[in-house]
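Survey of secondary and tertiary structure
Chain by chain, the residues:
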2 protein chains.
Amino acid sequence: MYVILVYDVGEKRVTRVLKRCRKYLNWVQNSVLEGDIGDAGLKKLKMELEEIIDPDADSVIIYTSRTTRYTDREIMGLRKGGQDLII
Amino acid sequence: MYVILVYDVGEKRVTRVLKRCRKYLNWVQNSVLEGDIGDAGLKKLKMELEEIIDPDADSVIIYTSRTTRYTDREIMGLRKGGQDLII
């Protein structure tokens, strides 16, 4: 499935959250990642994030789509993502 | 159509970008908005954002889906969005 993940976490946890997310997804903007991931991978990622984030202070939103066919992506301005982005 | 918009813009422009986006979409997280919007509305929003953002420094990503049926949203941790979010 195709996933868009956006996070808003405390500064102390940003590096760990981003590192964990990049194991599974491609970094596309400051706090946004996307990519193809299987059920098992997504489950693992969520478990790993649960161990890092503070549920009383942080927020992670995961949008899941069974297909990418219905989604277009348009970027205005800079492409800020890492070099791991494959368009 | 259904839109997810994520922005990463310079501090000076954050307030104006958020205000403009909230005219059309619901704020769900620090720099993330989503909502139903028509073609005309989306076009207007993009024109308004183009006037505000610095294309050499800022980044706005707009994901567009013709339907929401294929998209699930899961929130881990806090719901940080404004009160304009209707779930």
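Here, the structure is the one placed above.
This section reports on the structure supplied with the text. Note that the structure is predicted; figures quoted are calculated from it, not measured.

Our focus in this paragraph is the pattern of salt bridges. A side chain with one charge can pair with a side chain of the opposite charge if their charged atoms come near. Residue and element names in this part refer to chain A. Following the criterion strictly, the structure yields 10 salt bridges over all chains and no others. With a closest N to O distance of 2.6 Å, Asp-58 and Arg-13 form a salt bridge. Of the two residues, Asp-58 sits in the loop between α2 (39-52) and β4 (59-65) while Arg-13 sits in helix α1 (residues 11-22), which places them 45 residues apart along the sequence. The class for Asp-58 is buried, based on a relative accessible area of 0%. Take Arg-13: its relative accessible area is 17%, and that puts it in the buried class.

Once turned by 180° and shifted 0.0 Å along the axis, chain A lies on chain B with an RMSD of 0.0 Å. Between the two chains, the operation in question is that of a two-fold axis. Most of the interface of chain A is mirrored in chain B, where 100% of its interface residues are also at the interface.

Moving on to the interface of chain A and chain B. At the junction of the two partners, chain A supplies 37 residues and chain B supplies 37 residues. Between chain A and chain B we count two salt bridges in total. For the salt bridge of Glu-74 of chain B with Lys-46 of chain A, the shortest nitrogen-to-oxygen distance reads 2.7 Å. Between the two partners, chain A and chain B, sit 12 residue pairs in polar contact (both at pLDDT 80 or more). Across the side of chain A that touches chain B, the residue classes tally to 17 nonpolar, nine polar and 11 charged. Where strand β5 (residues 71-77) of chain A meets strand β4 (residues 59-65) of chain B, seven bridges bridge the pair, whose relative direction is antiparallel. The partner of Thr-71 of chain A across the bridge, within β4 of chain B, is Ser-65 of chain B.

Reading the values: rules and limits
- Residues numbered from 1 in each chain as written.
- Chains lettered and ligands numbered in written order.
- Predicted model: local features only at pLDDT ≥ 70, side-chain atom pairs only at ≥ 80, totals over all residues.
- Heavy atoms only, no water.
- Salt bridge = Lys/Arg side-chain N within 4 Å of Asp/Glu carboxyl O.
- Helix = DSSP H or I, 4+ residues; strand = E, 2+ residues; numbered from the N terminus.
- Buried < 20%, exposed > 50% of the residue type's maximum accessible area, 1.4 Å probe, protein only.
- Least-squares fit on C-alpha atoms with pLDDT ≥ 70 in both.
- Contact = heavy atoms within 4.5 Å.
- Polar contact = N/O pair within 3.5 Å; in protein donor to acceptor, adjacent residues only side chain to side chain.
- Nonpolar A, V, L, I, M, F, W, Y, C, P; charged D, E, K, R; others polar.
- Pairing = 2+ DSSP bridges.

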